[in-house]
Amino acid sequence: MEQSLPVYILSGFLGSGKTTLLQRLLEHWKTQGLRPAVIMNELGEVNLDGLLVEQSVPMAEMLGGCICCTSRGDLSTELTTLVKKESPDVVVIEATGAANPLEIVDAVTETSLYQQVELKGLITVVDAAHLLELYRSQQGATYRLMQEQIRCASVLILNKTDRISAEEAEEITVVLRKWNAYAEIMPAVRCELEPEALLGNIGGVYSEERGVTEENEHSEQDGDARQMHASHDHVMAYTHYFKNPVNSEAFERFVKELPRDVYRAKGIVSFNDTSSRFLFQYAYREADFMKITPQGEVPDVAVFIGEHFSSSELRTELLRLEKRLLARPAAVKRSL
Ligand SMILES: Nc1nc2c(ncn2[C@@H]2O[C@H](COP(=O)(O)OP(=O)(O)OP(=O)(O)O)[C@@H](O)[C@H]2O)c(=O)[nH]1
């Protein structure tokens, strides 16, 4: 019988480190002489993560919605098309950080009914500091979604351990074990793990039944988790296209002062006080700027993802930074 094509799903909350891991895995397979392909899903209208992946890697993009609800049916079609067109040796599906992974598992297993594809496992990347904070407050839709992503993982990467103490790492490991009794837990900084060890630790995907029959769980939480996919359309994205470069300091300040309801932002910006363009990343209140020379035509753009934030306020602020709006009345007064 023809060998089936291994498929991995990368799950994890927004900004936890999925793309960082994806880059490592792609590098690993390429050094082994394999041909990996990627399906990327973004809530925004542009695929900024795709810029971080080498151009030679075949990639299917599903933009402007979350695989697990708005475009779930499409995933199976995308996967089939990618396999036929590119004949890869391995496929990775990176879902939006807001996706319920069980829906993606469904789509992949559906594809395997008529294609030689085999779901190898579901890797969930956890932002250690973010989860710790949510665990301590024990509420909110984000918390329940993270819980769900952790429950159905076949391997768990406890990432960003540089942002927590050793005691906190122990505390959060106990939580992970409580929610998922089966998956190997691998602590990491920037997902720096031996790919062989990581892939070797994948022991299959857990079904929903297995997740919810876990002894330590409360039935109330299970109900919440099951409702999650239906209710996560509260997650919203605003995509802003820049027409003008902005001042670097003012923009950094703007990113630092983003409302708390914006939990992820990324984009490409040109500054009027530096010569290169920058890729910026913002996840769980930490910002990162990296010089970048994108291949091909890439606009200056920023994507903001969060819950119930005012996109018009962000837009106004950004237009002001771009000098496409008049200065605030207060500022005018001061200058008189
Ligand atoms: N401090 C710290 N930052 C990290 C670590 N791993 C990744 N990051 C940073 O976190 C940000 C988000 O990382 P990504 O790999 O893009 O996260 P993601 O899960 O792909 O994000 P989305 O696709 O938006 O959901 C980037 O600025 C990374 O450089 C880590 O271990 N420690």
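Here's a quick rundown of the structure.

What counts, and at which threshold
Residues numbered from 1 in each chain as written. Predicted model: local features only at pLDDT ≥ 70, side-chain atom pairs only at ≥ 80, totals over all residues. Helix = DSSP H or I, 4+ residues; strand = E, 2+ residues; numbered from the N terminus. Buried ≥ 20, exposed ≤ 12 C-beta atoms within 10 Å, placed from the backbone. Contact = placed C-beta atoms within 7 Å. Pairing = 2+ DSSP bridges. Axes fitted to C-alpha atoms, helices over the stretch in contact; angles between N-to-C directions. Near = placed C-beta within 6 Å. Nonpolar A, V, L, I, M, F, W, Y, C, P; charged D, E, K, R; others polar. Parallel < 35°, antiparallel > 145°, perpendicular 65-115°, else oblique. Left-handed = near helix turned anticlockwise from the far one by under 90°.

What follows deals with the overall build of the protein chain. Each helix and strand in the protein chain was counted, giving 12 helices and 12 strands. A buried classification covers 39% of the 336 residues belonging to the protein chain. Taking as baseline every contact in the protein chain between residues at least 6 positions apart, the subset at least 24 positions apart corresponds to 77%.

Moving on to the environment of A129. Its place among the elements puts A129 in helix 4 (residues 128-137). On a C-alpha basis, the gap between A129 and L82 in space is 36 Å, while along the polypeptide they are 47 residues apart. Look past the residues within four positions of A129 in its chain and what remains in contact with it is K160, R163, I164 and Y284.

Let us now look at the sheet that holds strand 3 (residues 59-62). Pairing between the strands of a sheet is mediated by backbone hydrogen bonds and can be parallel or antiparallel. Taken together, the 7 strands give an open sheet; going across it, the order is 3-2-4-1-5-6-7, and neighbouring strands pair in parallel fashion. Two strands close off the open sheet at either side, each with one partner strand: strand 3 and strand 7 (184-187). The average angle at which neighbouring strand axes cross in this sheet is 20°, direction not considered. Note that strand 1 (residues 5-12) and strand 4 (residues 90-94) share 4 bridges and pair parallel. Across the sheet, residue I9 finds its bridge partner in strand 4, namely I93. Packing of helix 4 onto the sheet brings it into contact with strand 5 (117-127) and strand 6 (155-159), and relative to strand 5 it is tilted by some 70°.

With 9 of 11 residues buried, helix 5 (residues 141-151) is to be regarded as a mostly interior element. Buried within helix 5 we find T142, R144, L145, M146, Q147, E148, Q149, I150 and R151.

Taking burial as the measure, the 11 residues of strand 5 include 10 buried ones, the bulk of the element. Pairing between strand 1 and strand 5: 8 bridges, direction parallel. Directly across from S11, in strand 5, lies its bridge partner T124.

A few words now on unusual backbone geometry. For K160, which is not a glycine, the phi torsion comes out positive at approximately 60°. Note that K160 resides in the loop between strand 6 and helix 6 (166-179). Notably, C191 is not glycine yet its phi reads approximately 50°, a positive angle. Checked against the element boundaries, C191 lands in the loop between strand 7 and helix 7 (195-200).

Of the strand pairs in this sheet, strand 9 (residues 262-270) and strand 10 (residues 277-283) are connected by 7 bridges, and their pairing is antiparallel. Note that in strand 10 the partner of S270 across the bridge is R277. As defined by bridge partners, strand 10 adjoins strand 11 (residues 286-292) across 7 bridges and the pair is classed as antiparallel. By the bridge assignment, L279 is partnered in strand 11 with M290. Taking the residues that link successive antiparallel strands as the turn, the strand 10-strand 11 hairpin has 2 residues, and the phi of Y284 there is positive, at about 45°.

Attention now moves to the site of the ligand. Close to the ligand lie 20 residues; K18, T19, T20, G97 and Q281 are nearest. Counting only elements with at least two residues in the shell around the ligand, the list comes to helix 1 (18-31) and strand 10. The leading source of residues in the shell around the ligand is helix 1, at 3 residues. Classifying every residue of the shell around the ligand gives 3 nonpolar, 9 polar and 8 charged.

Two numbers describe how helix 4 lies on helix 6: the axes approach to 10 Å, and their chain directions differ by 70°. As judged from the angle between their axes, helix 4 and helix 6 are roughly perpendicular. Helix 6 is crossed by helix 4, and the crossing has left-handed handedness. Contact residues: helix 4 offers A128, L131, L132 and Y135, while helix 6 offers E168, A169, E171, I172 and V175. A breakdown of the residues in the contact of helix 4 with helix 6 according to their chemical character gives 7 nonpolar, no polar and 2 charged.

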